[in-house]
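Observations on the model geometry
Chain residues, written in single-letter form:
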There are 2 protein chains.
Amino acid sequence: MQSYYLQKADENLPVLHTTVIRPEAEPRPLTNGDTMVVDLGNHYVGYLSFHVSHPHWYNDAPLRMELRFCETARELEDDYNDYHGSLSRSWLQDELINVDSPGVYKMSRRYAARYILIKVLYTSQPVALSEFTFEAVSSADMTALKPYDTTDEELAAIDRVAVHTLRNCMQRVFEDGPKRDRRLWIGDLRLEALANYYTFGDVSLVKRCLYLFAAADKNPYGLMPGYIYENPIFVSGYWHILDYGFMFVNTLCDLYSHTGDAETFRDMCDVAKRILDSAEANKDEHGIVDNTCGDWFIDWCPGLHKRTAFEGIYLYTLERWSRTLEALGYPEAAEYRARLEAGRAASRKYLYDAEKKAFINARDEYQYSVHAAAWMVLGGVVEGEEAKEVLLKVMNDGESVKPFTPYMHHYAVDALFCAGARAEAEQHLRHIWGGMVKDGADTFFEAYVPTDPDFSSYGDRKMNSNCHAWSCTATYFIRKYGLGQD
Amino acid sequence: MQSYYLQKADENLPVLHTTVIRPEAEPRPLTNGDTMVVDLGNHYVGYLSFHVSHPHWYNDAPLRMELRFCETARELEDDYNDYHGSLSRSWLQDELINVDSPGVYKMSRRYAARYILIKVLYTSQPVALSEFTFEAVSSADMTALKPYDTTDEELAAIDRVAVHTLRNCMQRVFEDGPKRDRRLWIGDLRLEALANYYTFGDVSLVKRCLYLFAAADKNPYGLMPGYIYENPIFVSGYWHILDYGFMFVNTLCDLYSHTGDAETFRDMCDVAKRILDSAEANKDEHGIVDNTCGDWFIDWCPGLHKRTAFEGIYLYTLERWSRTLEALGYPEAAEYRARLEAGRAASRKYLYDAEKKAFINARDEYQYSVHAAAWMVLGGVVEGEEAKEVLLKVMNDGESVKPFTPYMHHYAVDALFCAGARAEAEQHLRHIWGGMVKDGADTFFEAYVPTDPDFSSYGDRKMNSNCHAWSCTATYFIRKYGLGQD
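Analysis parameters
- Residues numbered from 1 in each chain as written.
- Chains lettered and ligands numbered in written order.
- Predicted model: local features only at pLDDT ≥ 70, side-chain atom pairs only at ≥ 80, totals over all residues.
- Heavy atoms only, no water.
- Helix = DSSP H or I, 4+ residues; strand = E, 2+ residues; numbered from the N terminus.
- Rg over C-alpha atoms; globule rule 2.2 N^0.38 Å.
- Buried < 20%, exposed > 50% of the residue type's maximum accessible area, 1.4 Å probe, protein only.
- Contact = heavy atoms within 4.5 Å.
- Areas by Shrake-Rupley, 256 points an atom, 1.4 Å probe, with all protein chains shown as cover.
- Salt bridge = Lys/Arg side-chain N within 4 Å of Asp/Glu carboxyl O.
- Least-squares fit on C-alpha atoms with pLDDT ≥ 70 in both.
- Pairing = 2+ DSSP bridges.
- Axes fitted to C-alpha atoms, helices over the stretch in contact; angles between N-to-C directions.
- Parallel < 35°, antiparallel > 145°, perpendicular 65-115°, else oblique.
- Left-handed = near helix turned anticlockwise from the far one by under 90°.
- Nonpolar A, V, L, I, M, F, W, Y, C, P; charged D, E, K, R; others polar.
- Expected span 1.5 Å × (residues − 1).
- Polar contact = N/O pair within 3.5 Å; in protein donor to acceptor, adjacent residues only side chain to side chain.
- Disulfide = S-S within 2.5 Å.
- Arc of directions from axis to C-beta.
- Phe/Tyr/Trp six-rings, centres within 6.5 Å; stacked < 30°, edge-to-face > 60°.
- Lys NZ or Arg CZ within 6 Å of the ring centre and 35° of its normal.
- pLDDT = per-residue confidence, 0-100.

**Brief notes about the overall build of chain A**
A tally of helices and strands in chain A yields 13 helices and 12 strands. The C-alpha radius of gyration computed for chain A amounts to 24 Å, which stays within 12% of the reference 23 Å derived for 486 residues, consistent with globular compactness. Along the first, second and third principal axes, the C-alpha atoms of chain A reach 80 × 50 × 45 Å. The 486 residues of chain A split such that 65% are buried. In chain A, 76% of the contacts between residues at least 6 apart in sequence involve partners at least 24 apart. When the accessible surface of chain A is summed, it comes to about 17,600 Å², and 48% of that surface belongs to carbon and sulfur atoms.

**A closer look at the pattern of salt bridges**
By the definition in use, this model includes 74 salt bridges over all chains. A:Asp60 is paired through a salt bridge with B:Arg183; the nearest N and O atoms lie 2.6 Å apart. With A:Asp60 in the loop between β2 (35–53) and β3 (63–70) and B:Arg183 in the loop between α2 (153–169) and β8 (184–185), the pair connects residues from two separate chains. Residue class for B:Arg183 comes out buried when judged on its relative accessible area of 3%.

**Focus on the relation of the copies chain A and chain B**
The two chain copies are connected by a rotation around an axis plus a translation along it. If you rotate chain A by 180 degrees and push it 0.0 Å along the axis, it lands on chain B with an RMSD of 0.0 Å. Both copies are brought into coincidence by an operation consistent with a two-fold rotation axis. Minimal C-alpha distance to the rotation axis in chain A is attained by A:Leu96, lying at 2.9 Å. With an isologous cut-off of 70% or more, the 100% of interface residues of chain A that recur at the interface of chain B puts this contact in the isologous class.

**Quick notes on the sheet that holds strand β10 (residues 235–236) of chain B**
By definition, the strands of a sheet pair up through backbone hydrogen bonds, in either a parallel or an antiparallel sense. Residues and elements named next belong to chain B. If you trace the 3 strands from one edge of the open sheet to the other, you get β8-β9-β10, paired in antiparallel fashion. Where the open sheet ends on each side, the last strands, each with one partner, are β8 and β10. When β8 meets strand β9 (residues 227–229), the two strands line up antiparallel, connected through 2 bridges. Note that in β9 the partner of Trp185 across the bridge is Tyr227.

**Quick notes on the packing of helix α7 (residues 307–327) of chain B against helix α9 (residues 370–378) of chain B**
Residues and elements named next belong to chain B. Interhelical geometry of α7 versus α9 gives an angle of 20 degrees and a closest axis separation of 7 Å. In terms of orientation, α7 and α9 fall into the roughly parallel class. Like other packed secondary-structure pairs, α7 and α9 cross with a definite hand, here left-handed. Counted together, Thr308, Ala309, Glu311, Gly312, Ile313 and Tyr316 of α7 and His371, Ala372, Trp375, Met376 and Leu378 of α9 form the full contact between these two elements. Along the lines of polarity and charge, the residues of the contact of α7 with α9 split into 7 nonpolar, 3 polar and 1 charged.

**Here's the deal with the sheet that holds strand β10 (residues 235–236) of chain A**
All names here are of chain A. Strand order in the open sheet made by the 3 strands is β8-β9-β10, with antiparallel pairing throughout. Single-partner strands in this sheet number two, and they are β8 (184–185) and β10. Strand direction decides the pairing type here: strand β9 (residues 227–229) and β10, joined by 2 bridges, are antiparallel. By the bridge assignment for β10, Tyr229 is matched with Val235.

**Some points on helix α5 (residues 242–259) of chain B**
Residues and elements named next belong to chain B. Here α5 contains 18 residues, and its C-alpha end-to-end distance of 26 Å stays within 8% of the 26 Å for a straight helix at 1.5 Å per residue. Across the 18 residues of α5, 15 count as buried, placing the element largely inside the fold. A positive backbone phi angle near 70 degrees is found at Gly260, which sits one or two residues after α5.

**Quick look at the interface of chain A and chain B**
Frequently, the measure chosen for interface size is the accessible area that the parts lose on association. Contacts between the two partners involve 32 residues from chain A, matched on the other side by 33 residues from chain B. Linking chain A with chain B are 8 salt bridges. The tally of links from chain A across to chain B stands at 16 residue pairs in polar contact (both at pLDDT 80 or more). At the level of secondary structure, the elements contributing two or more residues to the side of chain A that touches chain B comprise β4 (94–99), β9 and β10 of chain A. Here the element with the most residues in the side of chain A that touches chain B is β4(A); it accounts for 4 residues. Grouping the constituent residues of the side of chain A that touches chain B by class yields 14 nonpolar, 9 polar and 9 charged.

**Focus on the environment of B:Cys301**
Residues and elements named next belong to chain B. One can find Cys301 in the loop between α6 (262–280) and α7. Residue classification places Cys301 among the buried positions, given a relative accessible area of 6%. Note: C-alpha distance between Cys301 and Gly329 (28 residues apart in sequence) is 40 Å. What Cys301 contacts, discounting residues up to four positions off in sequence, is His371, Val401, Lys402 and Phe404.

**Details of the pairing of β4(A)**
Residue and element names in this part refer to chain A. Most of β4 is tucked away, with 6 of its 6 residues classed as buried. Where β3 meets β4, 6 bridges bridge the pair, whose relative direction is antiparallel. Paired with Arg68 across the strands is Asp94, a residue of β4.

**Quick notes on the pairing of strand β6 (residues 111–122) of chain A**
Residues and elements named next belong to chain A. The element β6 is largely enclosed, with a buried count of 10 among its 12 residues. Pairing between β2 and β6: 8 bridges, direction antiparallel. Note that in β6 the partner of Asp39 across the bridge is Tyr115. One ladder, built from 7 bridges, connects β3 with β6; its direction is antiparallel. By the bridge assignment for β6, Glu66 is matched with Lys119.

**A word on the environment of A:Ser465**
All names here are of chain A. For Ser465, the location among the structural elements is in the loop between α12 (422–438) and α13 (474–480). The exposure class of Ser465 is buried, given its relative accessible area of 0%. Residues Ser465 and Gly312 lie 153 residues apart in sequence; the distance between their C-alpha atoms is 28 Å. Not counting the four nearest positions on each side in its chain, Ser465 is found in contact with Glu71, Gly177, Lys179, Arg180, Phe445 and Glu446. Separated by 2.7 Å, the side chains of Ser465 and His468 make a polar contact.

**Points about the state of the cysteines**
All names here are of chain A. Under the definition given, this model contains 0 disulfides over all chains. Distance from the sulfur of Cys209, which forms no disulfide, to the nearest cysteine sulfur (Cys169) is 12 Å. Note on Cys209: relative accessible area 0%, which makes it buried. Here Cys418 stays free of any disulfide, with the sulfur of Cys253 as its closest cysteine sulfur at 16 Å.

**Quick look at helix α1 (residues 2–11) of chain A**
Residue and element names in this part refer to chain A. Where α1 is concerned, the buried positions are Tyr5, Lys8 and Ala9. Looking straight down α1, one finds its buried side chains confined to an arc of 105 degrees; they lie on one side. Exposed and facing more than 90 degrees away from the buried side of α1 are Ser3 and Asp10. On its buried face, α1 sits against α4 (203–215) and α6 (262–280).

**Points about the packing of aromatic side chains**
According to the stated counting rule, one finds 76 aromatic pairs over all chains in the structure shown. Ring geometry for A:Phe417 and A:Tyr481: centres 3.7 Å apart, planes at 5 degrees, overall stacked. You can see A:Phe417 sitting in helix α11 (residues 406–418) and its partner A:Tyr481 sitting in the segment after α13, a full 64 residues away along the chain. Judged by its relative accessible area of 23%, A:Tyr481 falls in the partly exposed class. Above the ring of B:Tyr80, the side-chain terminus of B:Arg68 is found at 3.5 Å from the ring centroid. Residue placement shows B:Arg183 over the ring face of B:Tyr227; its charged tip is 5.1 Å from the ring centre.

**Some words on the confidence of the model for chain A**
Detailed reading of predicted coordinates is not advised where the pLDDT is low. In the predicted model, chain A carries a mean pLDDT of 96, and the fraction of residues at 70 or more is 99%. Interface confidence for the predicted complex, given as ipTM, is 0.95, next to a pTM of 0.95.

**A word on the packing of helix α5 (residues 242–259) of chain A against helix α7 (residues 307–327) of chain A**
All names here are of chain A. Where α5 contacts α7, the two axes come as close as 9 Å, and the packing angle between them is 30 degrees. With respect to their mutual orientation, α5 and α7 come out roughly parallel. At the point where α5 passes α7, the crossing takes the left-handed sense. Contacts between α5 and α7 involve Leu242, Asp243, Phe246, Met247, Val249, Asn250, Cys253, Asp254 and Tyr256 on the former and, on the latter, Phe310, Ile313, Tyr314, Tyr316, Thr317, Arg320, Trp321, Thr324 and Ala327. Split into classes, the residues belonging to the contact of α5 with α7 amount to 12 nonpolar, 3 polar and 3 charged.

Here is the structure:
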């Protein structure tokens, strides 16, 4: 099947659209040690070229320069020699180049940047850098972008930044982040696909990404890796994440519910089924799914206890899966519906404290988290007013564990809408995504902790990806629920 | 005329021949901080590519590496951060690259190197570098190389290294040095052209370079710049050197004497004439040429007094020029012959101490130099046994000023041959060029001071060009005079 899936992925390879950005730059000649900053005016993903000339005399020696590509203004001030994060320093977007001759110099790598900091290290003659040209690339077709009109300036700004985030992450696949890791992750894919249905509507790219995961090597439990590389060659990643496996199932169900494309669903139905069946086979004595067939992600929140949240994701997925099978007339739909009901009952019994209106983490040390509550609500373990009470209580609790990523904030907002707390959902959306806009975001960040702007999941804020796919979904909520349309 | 000269230069643009070098390299996987050295087996000029792979797992992050291209082994140990020379640090051949994906990586710049030092700065997975390929380029046609056979191992080695030096400097023009400055200088051109007549016999490349200088902007005295750039655009250099102007004249005369090509001579005859006439118009009260119309080079020897040597170059040039005009029936030949005789008489009267058999530097503080003596001999101011005595005395004097470059050593050897001191000429050739071979030269150096291997004209040996055009002429003497054929 792998070659079939890869062929289907290839059939859906998108065209990349190019937008040429021509930033103005100060024409002051530079000499050894001089710096300049080129501001693209917005965050873009693409390729830089510029013209090198020597206004006084022809350059006698190569021109040696450092270039740093910054997603945000604060990166201009960061000390890259003081990097101490857990991921490789090589993700930081800085280059050292030697230019032999005047003329147009084209840099071959792709960068994600708004600002470009240039430092002339050595030149034998003052050098003028001009005609900066940034060829921004994206597979998002701006002419296909659905309109969103509102008089609410904050929502308009949030929507605009969200759409721009999505656009910059839409390349040959839905990338997680065009600065880092520049690859296809399931968790990001699912949220990008959702935002995409309400904005660019590029169904083909969603199909391509699903087929790529269907083609990936599976672990003994049928779980695909959390991410894949597809360029220059197809390579399966190595981290098998069970909740991401479920997000593959959800993305497949979403595709059917948004497009009615039963053929694509059937193509990958068995892959999805295997993931769910493995989870079902790995339950503990109370009927709660264990993590023996893969890792769990949930959120980058440090020290998070994940068991309850994970069970919620399983139930949320089972619900969508059962509904899709029912719609398409699969006889096994009833079996999955039965598992869903059993799981909800077990969760209510073993993971819920009905008196305190709080979810606990079975087997783990007790931890009071938004994560657990949101996913239990999305999994249908509590509903209606009870769900709303559960959610608001934990979200407003000063001591509870809160999400660190817009990825988890998405599901918290989703849970609020699910519980009928529309006003609180919008309020939380404004708090998180509006907060980033107030902090000057051109695109939404990988991690956002309002009380700790330096938070990084990798031990150094310089490593953060500040245009990150999983943070684009504000536009999904705004457009789906018609926020700002009152 | 400029467009005509440039057109003629273009007509003689050479084809570059490629030789693919595939050095063996240790396949040990490298991780952060690891280094490896690739030895090309000889000095070459060209383009590097290599294959990047990750034997354990697909690279999770870009691979960041430093590469240093070294002409000699000692550059491997040099500290590039401690550069303190007078020319731009950017000439040192080191790069920092970021490689996004496994596969073949091609570096776009041209390098001159035997050794490549590679240091892995950051990689998320051990990396294997393999399939190193160096595409060596030269316009020298190895199938056209005239044979030289000898049983004298030292001369065979000197000739081989000299030919290889010439080959590596023969590119789109006769470059001075493929590491630095990578352009066309007249002084180098003249010596390369001479060596070329006895080896590759590429007349077209000599014509091309002469036409390029004929096209260059002249100073008010008709003097062309000492060097030009021709790629990517034609640009005249800015340093007008009078002895290099004379070398243009000599190169034009050499072309006629080696090929009988009167048409090319006539094309540029007026350019040459203007240079000589300007010198004649700038004589002092004794009839010795002054330096009011351009700088003088002669040699990189620090503190050298140049007046007498320079007058010798003028007379040497006048002699060759008069002879060529006579052969081609130019009526003005007699006028130049008369200038030559007058100059010789003036030099003998004002620049020579016949008793001491020594040349002095009029107007300068007295300085006893090989430079003055060699050029006065080549200028025909003294001849035969007297010339031999003058030369050997100054060359063997422990206190006399000696040449620092093989460029000046060439003319010292030439003067010895001119004075009939064949054995001493060969001995000096073995001392200088054989000395470099004994020091491990793959190609001959820009500067060579046997007692000071760290000598640099630029204040730091790292800046020296160790494959330098003007040092290739050992093969000219060996082949012209049949050394090692006894």
